[in-house]
Amino acid sequence: MDTTKTADPTAPEAETAEPQATEAQADRKDTAAETAQTPAAPESDLSDEDPDEDALLDELDDTARQSDGVGSAASAVVAAGLGLVALSGSWVSRVFAERQTLVGQIESVNAATTEAKIEALYGDAWHLTALVNGVLSTLALLLAVFVLARPAFGAPGRTLPTWVRAVSWAAVALGALGVLLFGLMYFDILAPLPKAA
């Protein structure tokens, strides 16, 4: 007698086991299909370089170069203007000279000799004029030298435009000429005070 027991096809456990296996297989097929349909990420997204960021950095660098060029050009023009004003005589030096002339007139009352009167009335005013214009010439010279020397201490390969260098060299020439001229005038080497008879 066969005592093995066969599963009853009408049992509720057999009916539920078969649909569960079929549903699991269908879920696996759907997941595989979705994975196959998903496109692979492009290589450009994986790279660290962003073209927008590079363009922004280039634009910022160009802006910095333009601002440096504008500052250098303005400094060169100011230096040339200072040198020219110093050589032609500035309003500031004239005001100081007139004030010193007034002080000299007051002091000349007590002057004992003619030479002392000439020194008080004219000499001090001339020296003060030469001093003020010499200071302006020195400022023009220093500013022009700074403009010409600045690219050497900046980013390599960055140069000034031709016209900025030309104006800077003109300012150097005007400033150096003014320093020399007014130095000689201040120390009475050039155009000394006249001597009384």
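Above this text is the structure in question.
The rules behind each value
Residues numbered from 1 in each chain as written. Predicted model: local features only at pLDDT ≥ 70, side-chain atom pairs only at ≥ 80, totals over all residues. Heavy atoms only, no water. Helix = DSSP H or I, 4+ residues; strand = E, 2+ residues; numbered from the N terminus. Buried < 20%, exposed > 50% of the residue type's maximum accessible area, 1.4 Å probe, protein only. Contact = heavy atoms within 4.5 Å. Patch = residues over 30% accessible without salt bridge, like charges linked within 9 Å, V, L, I, M, F, W, Y side chains within 5 Å. Areas by Shrake-Rupley, 256 points an atom, 1.4 Å probe, with all protein chains shown as cover. Salt bridge = Lys/Arg side-chain N within 4 Å of Asp/Glu carboxyl O. Expected span 1.5 Å × (residues − 1). Phe/Tyr/Trp six-rings, centres within 6.5 Å; stacked < 30°, edge-to-face > 60°.

Q: Can you lay out the overall build of the protein for me, pointing to particular residues and giving the numbers?
A: Secondary structure summary: the protein contains six helices and zero strands in total. Across the protein, helices and strands are ordered from the amino to the carboxyl terminus as α-α-α-α-α-α. Classification of the 197 residues of the protein by burial places 18% in the buried group. Contacts in the protein between residues far apart in sequence, at least 24 positions, make up 80% of those at least 6 positions apart.

Q: Any details on a nonpolar patch on the surface? Residues and values, ideally.
A: Judged by side-chain polarity, Leu 131, Val 135, Leu 139, Tyr 186, Phe 187 and Ile 189 come together as a nonpolar surface patch covering roughly 600 Å² of accessible area. The dominant element in the nonpolar patch, judged by the number of residues it contributes, is helix H5 (residues 114-153), at three residues. As for its placement among the helices and strands, Ile 189 is situated in the segment after helix H6 (162-186). Residue Ile 189 is classed as exposed on the basis of its relative accessible area of 60%.

Q: So, H6: which residues are in play, and what are the values?
A: With 25 residues, H6 should reach 36 Å at 1.5 Å per residue; the first-to-last C-alpha distance of 36 Å fits that figure. Considered for burial, the residues of H6 that qualify are Val 164, Ser 168, Ala 171, Val 172, Gly 175, Gly 178 and Phe 182. Phi turns positive, to about 60 degrees, at Asp 188, one or two residues after H6.

Q: Summarise the packing of aromatic side chains; cite the residues concerned and give the values.
A: How two aromatic rings sit relative to each other is given by the distance of their centres and the angle of their planes. Considering all chains together, one arrives at two aromatic pairs under this definition. Pairing Tyr 122 with Trp 126 gives two aromatic rings, centres 6.1 Å apart and planes at 40 degrees, and the pair type is tilted. Here Tyr 122 pairs with Trp 126, and both are found in helix H5, just four residues apart, close to one helical turn. For Tyr 122, a relative accessible area of 44% translates into the label partly exposed. Aromatic pair Tyr 186 and Phe 187: ring centres 5.2 Å apart, planes at 90 degrees, arrangement edge-to-face.

Q: Could you give me a rundown of the pattern of salt bridges, with the residues and numbers involved?
A: For the coordinates displayed, the defined rule picks out one salt bridge. A salt bridge links Glu 98 to Arg 94; the nearest nitrogen and oxygen atoms lie 3.9 Å apart. With Glu 98 and Arg 94 both in helix H4 (residues 91-108), this residue pair falls four residues apart, about one helical turn.

Q: A description of unusual backbone geometry should follow, citing residues and the corresponding values.
A: For Asp 188, which is not glycine, the phi dihedral falls at a positive 60 degrees. Considering the arrangement of structural elements, one finds Asp 188 in the segment after H6. On the basis of relative accessible area, Asp 188 is assigned to the partly exposed category, the value being 32%. In the Ramachandran plot, Ala 191 falls in the positive-phi region, its phi being about 55 degrees despite a non-glycine side chain. Positionally, Ala 191 belongs in the segment after H6. For Ala 191, a relative accessible area of 51% gives the class exposed.

Q: Explain the side chain of Ser 137 to me, using residue names and the numbers behind them.
A: Residue position: Ser 137 is located in helix H5. Given the relative accessible area of 0%, Ser 137 is considered buried. In this view, Ser 137 contacts Ala 86, Gly 175, Gly 178, Val 179 and Phe 182; residues no more than four positions away in its chain are not counted.

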